[in-house]
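Secondary and tertiary structure notes
Each chain is listed here by its residues.
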Amino acid sequence: MMDRAALQVILLGMFLMSATSDPVKKKKNVDIYSFYINSTVTSRYATTVITSRVANTLNESQEIQFEVKIPKNAFISKFRMTIEGKTYDGVVKEKEAAQQQYNQAVSRGQSAGLVKSVGRTLEDFKTSVTVSAFSKVTFELTYEELLKRRLGKYELLINAQPMQPVADFKIDVHIQEKPGISFLEVKGDLSTGDLANAIKTTRADKDFQVWVTFYPTQDQQTKCKSCGENGLNGDLLITYDVERQNPKGEIMVSKGYFVHYFAPSDVPRISKNVVFIIDRSGSMSGRKIKQTRLALLKILSDLDEDDHFGLITFDSEVSLWKRELLRATEANLENAKSFVKEIRDRGATDINAAVLAGVDMINRHPREGTASILILLTDGDPTTGETNIEKIMSNVKKAIGNKFPLYCLGFGYDVNFDFLTKMSLENSGVARRIYEDSDADLQLQGFYEEVAVPLLTDIQLKYPGGTNLTKTSFSLYFNGSEIVVSGQITDNSVESFTTEVIAVSKGSNVTYQDTIMTKDPSDVPPENENFMQRLWAYLTVKQLLDRQVLLKGQEKEDEKKEALKLSLKYQFVTTLTSMVVTKPQEGEVEVANKPKEGKGGDGYTADVDSDDDDSVINHHPAQRAFLLHSAAMDYSDAMDYSVMIHHPLPTYGSPTIHTTTPPAVQVHSNRFLLPVVGQSKPLCFDVPLPHKLRLLQDSASEFSMNGESLSENHGFHQIAIHYKTNHHLIISTKSISYHNGQDKVEILWGQELTQHNTDGVSLVVLENEMNVTMGNIGVVIISHKKDGVKFLWPAIWEHPKDVNLTGVLGKSDISYVKTEGSQTPTLKMKDKEVKTYLETVSDYRFHSTPVQECWLVPFQAVMEAEISDFTVTQL
């Protein structure tokens, strides 16, 4: 049985245990006896090591999983497992070379791992290992990141959610900043109540160093406001900033490398010209348009009186509130707010005409000594007017002419975020995703606050004697942010190093010059003396990968090669590399990949066997080699670092029916199983047989999966998957047929490993399972045989980040709370009380079909619709 116990931390670690045991006994089967997070921040560069020690307390082997969530901006740089004195290290290789090892491992049927992105700011790394009876395993993961300053502060977010109190639980954060730390604050759920006593902050060396420790006792781990018998459940948020007495910035030199942090605050703010371009097409209906109105009303209130602003709304038509930019007087703002309150959704989406109208508005009203900004908010693709994306980008780039930035805010997951990213980067801006959630209006306001106070324009940074520099030209510098430049010093024998910053402040040129002595004693402790070289490599790789979306031809290839070279040298898992873990004894290979964001999966995962007895292992059906690599960027934060996890999408098994003398069990329904985050017992619901169901659908990518069940038989006897207009896959209990509009492929179950790749479609057929990837959606079809009857089960292990899945298996946001006190078990779901019963289900996602307990609830309570809404007439 795949039972799970977890410990989760943001700078975060999570353990999950899978064992052949009863669910209620799992806490006794695995002892997470030690869990440390040690994060060292040296001049904003954070290196975090997560070390976890777990004991198998069973008298038989069992699989133990290690899962950690890391910031999307981070690069994994080390992974190690130690089992019974033997160490297994990961080595970063070029992705293509690692992929060959992955394919070889797949062909041998070895265990696997995948990587993907979860939530807004985190990614998941998961690996598992089978540990012998009464043995122990130690996991160690290291990742590195450069903290980014926003709104005047840096943040470290630590989330703890163990599924059991841990005897030796420690979080240590050590922050070292040469200018001194101006303020530091520890907040979050884990800083409240009795847990506040477990937090200790120590300052030293005139505030150059701060230690924050969090050592809760096992008793304290059960007593915070969101804690319980399963231990900690909440966040620890550490925010800080540094002293900025030198307006020329902070320069550090070490071992031939330098870093320059530039964030002056003693310059006057520049009044701005800002045009808001708001999508009001039909897809913005409901909560999105309401939240947009709320955010705009707040943003308008925050404009300064010497700012000028304009409002443009668009669908298939473009509407201007006023033809010219108006000063943000009280009267104009009230008039504008009245306009905003009347914005209604309608029509199609003409992005080209709307953005060009915004550019024209700024160009027609130039104001000397000001900063101009365009902000586009849209939730979809261009559907009317000029719809060719390349042509739109060309039109916008030509119209703006490098005069001011364009910031693109993509609302939700239906938007073409790659298009917005490229268009914003081509025009000195950034793209930011606005997540479709209850706080979307606050996300919009938060972005505006970051660009609300421009201080400098046209910033150029020069470093005589410096080479291999990171980005040195910036269009705008905003209050509360920070410009970071790093590079190498060409002559290590020089005794001084000079920096020069030239910028424009309110129409006038300003210059900042500074010289430091390179031979001064370093303030960096010996154990961190290589941090600056790694900081330079980290920043260089990130910026090279960012630029890939803008470059073409040989220049693109040259920069890609340089990014790959540095990723391999510094052992960073990026979009170009993969981490390979080779088991010493058997030479078994695991490859860890970080897939492209939204292209299949939600977290770093891997399986490794350390025991020869495969009979006790319940392998994850979607895992057949250990794949860990980096995803492409979500440019909402320069580069996002995406990973593939096993997202708790609905899965299902068949009910376990107890009869006295059954020669064969009669099956009257398929029982669907729906894991719920934060709950030990999943939900389950029945669908009567026979049926033809819409199992999974994504209208945006034209993907659908339907299944047909027969009377009194388990599972499905046929599953059909369709992608776009020309890809059709029919899977039956006997054979597999794939047609791409031209060629037809026939495959029989039981053949040797068969692989087929074409046009965004990947099919891998093993003896009793099939891995299907179409676009960015991946599913696994398991072939079972019970009581002499063959049947199929689909397993959905990944929830693509940018996809809105529907269908019976598309539900992923369910939650419940068990109501105490009533005679009949009752769950509270979406503010409704639902009567339930504790039942069992055979989980056919796994070949071993483990049985687990679940809360049985009506179909309508979970899906908020009738069964008839999910039935189809044809597969």
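What counts and what doesn't
Residues numbered from 1 in each chain as written. Predicted model: local features only at pLDDT ≥ 70, side-chain atom pairs only at ≥ 80, totals over all residues. Heavy atoms only, no water. Disulfide = S-S within 2.5 Å. Helix = DSSP H or I, 4+ residues; strand = E, 2+ residues; numbered from the N terminus. Buried < 20%, exposed > 50% of the residue type's maximum accessible area, 1.4 Å probe, protein only. 1 Å grid on protein atoms, 1.4 Å probe; cavity = no way out; pocket = protein on both sides within 12 Å on 5 of 7 lines; lining within 4 Å. Points joined across faces, edges and corners; volume = space filled by probe spheres on them. Axes fitted to C-alpha atoms, helices over the stretch in contact; angles between N-to-C directions. Parallel < 35°, antiparallel > 145°, perpendicular 65-115°, else oblique. Left-handed = near helix turned anticlockwise from the far one by under 90°. Contact = heavy atoms within 4.5 Å. Expected span 1.5 Å × (residues − 1). Arc of directions from axis to C-beta.

Our next topic: the state of the cysteines. If you walk through the whole model with that rule in mind, you get one disulfide. One disulfide bridge connects Cys684 with Cys854, the sulfur atoms lying 2.2 Å from each other. On the sign convention where negative is left-handed, the bridge of Cys684 and Cys854, at about 75 degrees about the S-S bond, is right-handed. With Cys684 in strand β36 (residues 683-688) and Cys854 in strand β52 (residues 851-856), this pair connects stretches of sequence that are 170 residues apart. Side by side, Cys684 and Cys854 carry an identical accessibility label, which is buried.

The next subject is empty space enclosed by the protein. Counting across every chain of the model gives two cavities of 30 Å³ or more. In this structure, the largest cavity encloses a volume near 110 Å³. Lining the largest cavity we find Phe276, Ile278, Thr292, Ala295, Leu296, Ile299, Ile375, Leu377, Leu409, Leu444, Phe447 and Tyr448. For the lining of the largest cavity, the secondary-structure elements that each account for two or more residues are β18 (272-279), α3 (287-302), β22 (371-378) and α8 (440-451). Among the elements that line the lining of the largest cavity, the one with the most residues is α3, at four residues.

A few words on the packing of helix α9 (residues 531-547) against helix α10 (residues 553-569). Close contact between α9 and α10 brings their axes to 9 Å; oriented N to C, the two are set at 150 degrees. The angle between α9 and α10 places the two elements in the roughly antiparallel class. The handedness of the crossing between α9 and α10 comes out as left-handed. Along the contact surface, α9 presents Gln533, Trp536, Thr540, Val541, Leu544, Leu545 and Arg547, while α10 presents Glu555, Glu559, Glu562, Ala563, Leu566, Ser567 and Lys569.

Moving on: helix α6 (residues 389-400). Across its 12 residues, α6 extends 17 Å between first and last C-alpha, which sits within 8% of the 16 Å expected from 1.5 Å per residue. Among the residues making up α6, those that are buried are Ile392, Met393, Val396 and Ile400. Taken around the axis of α6, the buried residues stretch over an arc of 95 degrees, which confines them to a single face. Residues of α6 that are buried make contact with α5 (351-363), β22, β23 (406-411) and α7 (417-425). Where α6 terminates, the next one or two residues include Gly401, which has phi positive at roughly 60 degrees.

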